[in-house]
Amino acid sequence: MIRRLYRAIVGAPKDPLSRDTRQHMALAAFLAWVGLGADGLSSANYGPEEAFLALGHHTHLALYIALMTALTVFVISLAYNQVIRLFPSGGGGYKVASTLLGPHAGLVSGSALMVDYVLTIAISVASGVDALFSLLPVTWQGAKLGVEIATILGLMVLNLRGMKEPLRLLVPIFLGFVGTHLLLILGGILAHAEQLPGLLPATFSETSSLTGEIGWVAVASLLLRAYSLGAGTYTGIEAVSNNVHILREPRVRTGQWTMALMATSLAVTAAGLISLYLLWNVGHVPGETLNATTFKAILGETFGDGSLAQSVALLIVMVLAAGLLFVAANTGFLGGPSVLANMAADRWAPHAFAYLSVRLVTQNGIFLMGIAALTLLVITGGKVSLLVVLYSINVFLTFTLCLAGLVRHWWRQLGTRDASIGSLLQAGLALIVAGSILVVTLFEKFFEGGWLTVIITSLVIVLGLAIRRHYDQTAVEIAKIDALFATTTRSAPVESVPAVDPALPTAIFMVGRSFGAGMHTLLAVRRMFPGHFRNFVFISVGEVDSESFRGSEQLARMTADVEASLGEFERYCQRRGLPAASKAAYGTDAAHELARLAEKLMETYPHAVFFASKLIFGRDSLFSRLLHNHTALAVQRRLHLKGIPMVILPMKV
């Protein structure tokens, strides 16, 4: 019953080895712009507002903020095109930092990205609900948290079904947002076009006057503080480079087109909104977002203040804004599990986060992202102003590390054929911009909530170090076992090996990547049952995880490794005159595939007994149990329910 309900929610399984499946899931530049670039574009709903409100009464400085915002978007986007070109298999800031700066820099970047994507979900949903509640009486504000929780749960279900379903569902919302906001920005600027000729001279004059009153250092500090608080506007840049592997071929070109679409739409929207705030002289109204207040004023002048047309038009605009923010929250469910899977492949996170579900999504990562976002919403009460601070720090920590890696890369390339002075200068300029925003935000907002994101990110880093240490220690012990059997297949073969006789007692071994672990099980069985088993069959499942699913080359390499491993076991037995055979299966769920394969083999070998090994640690703990899957136990339970004998042998490490 539970399995049928789950299947109804997430959908039918997909074939991970099918080229058509991967082609179906790959995103063209337009869909990628919707699903990934929407993260940055949607933050125009809260980034410009936070920047403008931070100016206080000195709103004339908003003109500088608008220009700096547009310029910064293009500077960082152009630098991140280098990331797409150098890392066409995706990975974004995590892969760049790991490869160009070292694994520990990668851990810091990946941890910041993880927290960032959780905050992407939390802040986007909170801001989207704020947009909707701007249309309702202030007395309704208490219901926002419940709506936010329900929204996150709904997005989790959509993502468990696979990435394209949410995107296709939300494409009309995305296009509606772009169209309506572009019209409002152009219309709002043209409506006050008479102010434009004197805007620049007035800004310079007021800035000069303010500088004389409080000094240029104080003015620069105010400007940088407001500018840094709008930094959430640039987040979609990382999402594009992180998910290049899900883009349609040619990936690099598709990624660069996606980045161009995202940067242009983001710069125009963010800078345009800040300009509207300045031209329309708007201020904070309780229960309303600054965008809602501005649009209400523009629509009121167009259709008449208090008219039905104004109300309907504002309703459409704010619903589309909320919809786009929910698309952006979906980016957290796309990018977060992807980063987590990369970290799991490098042993900074539990291996389980690299596993794919039957719908070929990193299910465990989706659950973790959703639960963490729900927790943050409850802790912060869904306050966007606080979430923006937490958000910006991690965004620009990742930017800074990534761009520092690019600068180091191009510096080392100087004097070689691949050297590019232009790329070095481009990355260097972006590094200065990103690093400055990071420092200012930390300094200005550390005691206003910034300390919380520093603590959370630090805890993720410490946890990653502990996980990596455990996996490294385990790998060393398994390597010792593998080394004991390194030459076992090199003995001279016997002249003739009897064929496998299915009617005779058969030992079927479930083996994995470690040759030593499989040999440990084989020798233990021969020692415990001397002369009983006459056939030796080895089975293995090539697990299609996030790493092997990145492309046809990775899948081919994975299948070749599985076949080679099984061949080693067969040769060991055959060189000793023991009838041997092997069988492989491929899928996303190793336990399910092994159980299904075992049931089929029982039809061929009716007198078979299945064997597998399980790691036993000298100091067993909840930590070690969480870091290792229990495939053997899961398979044993399924086979025992079918009446099929299976024995698990311990292997101490």
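Bear in mind the structure is a predicted one, so any value in this text is a computation, not a measurement.

1. Some words on the overall build of the chain
Broken down by element type, the chain carries 24 helices and five strands. Relative to its full complement of 653 residues, the chain shows a buried share of 56%. A sequence separation of at least 24 residues applies to 82% of the contacts in the chain between residues at least 6 apart. If you sum the accessible surface of the chain, you get close to 27,500 Å²; carbon and sulfur atoms cover 64% of it.

2. Some details on the pattern of salt bridges
Taken as a whole and assessed by the stated rule, the structure comprises six salt bridges. Here K296 and E288 are joined by a salt bridge, their closest N and O atoms 2.6 Å apart. Given the relative accessible area of 31%, K296 is considered partly exposed. Residue E288 is classed as buried on the basis of its relative accessible area, which comes to 15%.

3. A look at the packing of helix 13 (residues 251-280) against helix 14 (residues 290-303)
Two measures define how a pair of helices packs: the angle their axes make with one another and the distance between the axes. Running from N to C, helix 13 and helix 14 cross one another at 60°; their axes reach a closest spacing of 10 Å. One finds that helix 13 runs oblique with respect to helix 14. Like other packed secondary-structure pairs, helix 13 and helix 14 cross with a definite hand, here left-handed. Residues L273, L276, Y277 and W280 of helix 13 pack against L290, N291, T294, F295, A297, I298 and E301 of helix 14. Across the contact of helix 13 with helix 14, the residue classes break down as eight nonpolar, two polar and one charged.

4. A word on empty space enclosed by the protein
Inspection of every chain in the model, using the stated rule, returns one cavity of 30 Å³ or more. Computed from the structure, the largest cavity encloses a volume of approximately 30 Å³. In terms of lining residues, the largest cavity is bounded by N45, S127, A131, T289, N291, M318, A321 and L325. Of all the secondary-structure elements, those providing two or more residues to the lining of the largest cavity are helix 7 (103-133) and helix 15 (308-345). Counting residues per element, the lining of the largest cavity draws most heavily on helix 15, which supplies three residues. Broken down by class, the residue content of the lining of the largest cavity amounts to four nonpolar, four polar and no charged.

5. A word on the environment of H628
On the secondary structure map, H628 appears in the loop between helix 23 (622-627) and helix 24 (631-641). According to the relative accessible area criterion, H628 is buried, its value standing at 16%. Considered as a pair, H628 and L615 are 13 residues apart in the sequence and their alpha carbons are 8.7 Å apart. Excluding residues that lie within four positions of it along the chain, H628 makes contacts with H470, Y471, T474, L615 and F617.

6. Here we look at the packing of aromatic side chains
Across all of its chains, the model carries 12 aromatic pairs by this definition. Note on F446 and F447: the rings are 5.1 Å apart at their centroids and 85° apart in plane angle, and the pair reads as edge-to-face. Residue F447 is classed as exposed on the basis of its relative accessible area, which comes to 75%. Their ring planes at 85° and their centres at 5.7 Å tell us that F533 and F611 sit as a pair that is edge-to-face. Separated by 78 residues along the polypeptide, F533 in the loop between helix 20 (515-528) and strand 2 (535-543) and F611 in strand 4 (residues 608-616) bring together distant segments of the chain. Under the relative-accessibility criterion, F533 is labelled buried at 8%.

7. Focus: helix 13
Between the first and last C-alpha of helix 13 there are 43 Å, a value that for 30 residues agrees with the 44 Å anticipated at 1.5 Å per step. For helix 13, the buried fraction is high: 21 of the 30 residues fall into the buried class.

8. A short note on the confidence of the model for the chain
It should be kept in mind that the predicted coordinates are not to be read in detail where pLDDT is low. Averaged over all residues, the pLDDT of the chain is 81; the fraction at 70 or higher stands at 84%. When pLDDT is averaged over each element of the chain, strand 1 (residues 506-510) comes out on top at 93 and helix 2 (residues 19-25) at the bottom at 44. In the predicted structure, residues 5-12 sits below a pLDDT of 50 and forms 13 contacts with residues beyond four places in sequence or in another chain. Under a pLDDT of 50 for its full length, residues 357-361 has, in the predicted model, 27 contacts with residues more than four places off or in other chains.

9. Focus on the sheet that holds strand 5 (residues 646-652)
An order of 3-2-1-4-5 is seen for the five strands of this open sheet, with the pairing classed as parallel. The outermost strands of the open sheet, each flanked by one partner alone, are strand 3 (580-587) and strand 5. Neighbour-to-neighbour, the strand axes of the sheet open up by a mean angle of 25°, direction not taken into account. Sheet topology places strand 1 next to strand 4; four bridges connect them, and they run parallel. Within strand 4, the position partnered with F509 by the bridge is F611. Sheet strands touched by helix 22 (residues 590-604): strand 1, strand 2, strand 3 and strand 4. Its angle to strand 2, the strand with the most contacts, is close to 150°.

10. Here we look at a nonpolar patch on the surface
Together, F446, F447, W451, I455 and L459 make up a nonpolar patch on the protein surface, roughly 560 Å² of accessible area in all. Mapped onto the secondary structure, I455 falls in helix 19 (residues 450-484).

11. Overview of the pairing of strand 4
The side chains of a regular strand alternate between both faces of the sheet. In terms of strand pairing, strand 4 meets strand 5 through seven bridges, oriented parallel. In the sheet register, S613 faces strand 5, and the bridge partner there is L649.

12. Details of the side chain of T151
As for its placement among the helices and strands, T151 is situated in helix 8 (residues 144-160). The buried category is assigned to T151, whose relative accessible area is 17%.

13. A closer look at unusual backbone geometry
Its identity is not glycine, yet N281 carries a phi of approximately 50°, on the positive side. Among the structural elements, N281 can be located in the loop between helix 13 and helix 14. The class for N281 is exposed, based on a relative accessible area of 62%. Phi angles above zero are rare outside glycine, and R347 is one such case at about 70°. Considering the arrangement of structural elements, one finds R347 in the loop between helix 15 and helix 16 (363-380).

Basis of the calculations
- Within each chain, residues carry numbers counting from 1 in the order of the written sequence.
- Given that the model is predicted, a residue must reach a pLDDT of at least 70 before its local features are reported, and side-chain atom pairs must reach 80 or more before they are shown or counted; all residues, however, enter totals for whole chains, interfaces and linings.
- Each side-chain value is derived from all of the structure's non-hydrogen atoms; neither hydrogens nor water enter the calculation.
- Put simply, DSSP H or I for four residues or longer makes a helix, DSSP E for two residues or longer makes a strand, and each gets a number counted from the N terminus.
- Relative accessible area decides the class of each residue, using a 1.4 Å probe on protein chains only: under 20% of the type maximum gives buried, over 50% gives exposed, and in between gives partly exposed.
- When checking whether two residues touch, look at their non-hydrogen atoms; a contact exists if any pair is within 4.5 Å.
- Using a 1.4 Å probe, the Shrake-Rupley method yields the accessible areas, and only the shown protein chains count as cover for residues.
- By convention in these notes, a salt bridge is any Lys or Arg side-chain nitrogen within 4 Å of a carboxyl oxygen on Asp or Glu.
- The convention used is that axes are lines fitted to C-alpha atoms, helices contributing only their stretch in contact, and that angles between N-to-C directions extend from 0 to 180 degrees.
- Roughly parallel here means an angle under 35 degrees, roughly antiparallel means over 145, roughly perpendicular means 65 to 115, and every remaining angle is called oblique.
- Each crossing gets its handedness from the near helix: less than a right angle anticlockwise from the far helix is left-handed, clockwise is right-handed.
- Charged means Asp, Glu, Lys or Arg here, nonpolar means Ala, Val, Leu, Ile, Met, Phe, Trp, Tyr, Cys or Pro, and polar covers whatever is left, Gly included.
- Grid points spaced at 1 Å and placed over the protein atoms alone form the basis of the search, with a cavity being a set where a 1.4 Å probe fits but cannot get out and a pocket an open set showing protein on both sides within 12 Å along at least five of seven lines. Lining residues have an atom within 4 Å of a point.
- Grid points are joined across faces, edges and corners, and a volume is the space filled by probe spheres set on the points.
- Only rings of Phe, Tyr and Trp enter the pairing, Trp through its six-membered ring, and a pair is recorded when the two centres are within 6.5 Å. The plane angle decides the type: under 30 degrees is stacked, over 60 is edge-to-face, the rest tilted.
- Multiplying 1.5 Å by the residue count of a helix minus one yields the expected span of that helix.
- Per residue, pLDDT measures the predictor's confidence, with a range of 0 to 100.
- In this analysis, strands are considered paired if DSSP registers two or more bridges between them.
- Candidate patch residues must exceed 30% relative accessible area and have no salt bridge, after which like charges are joined if within 9 Å and Val, Leu, Ile, Met, Phe, Trp or Tyr side chains if within 5 Å.

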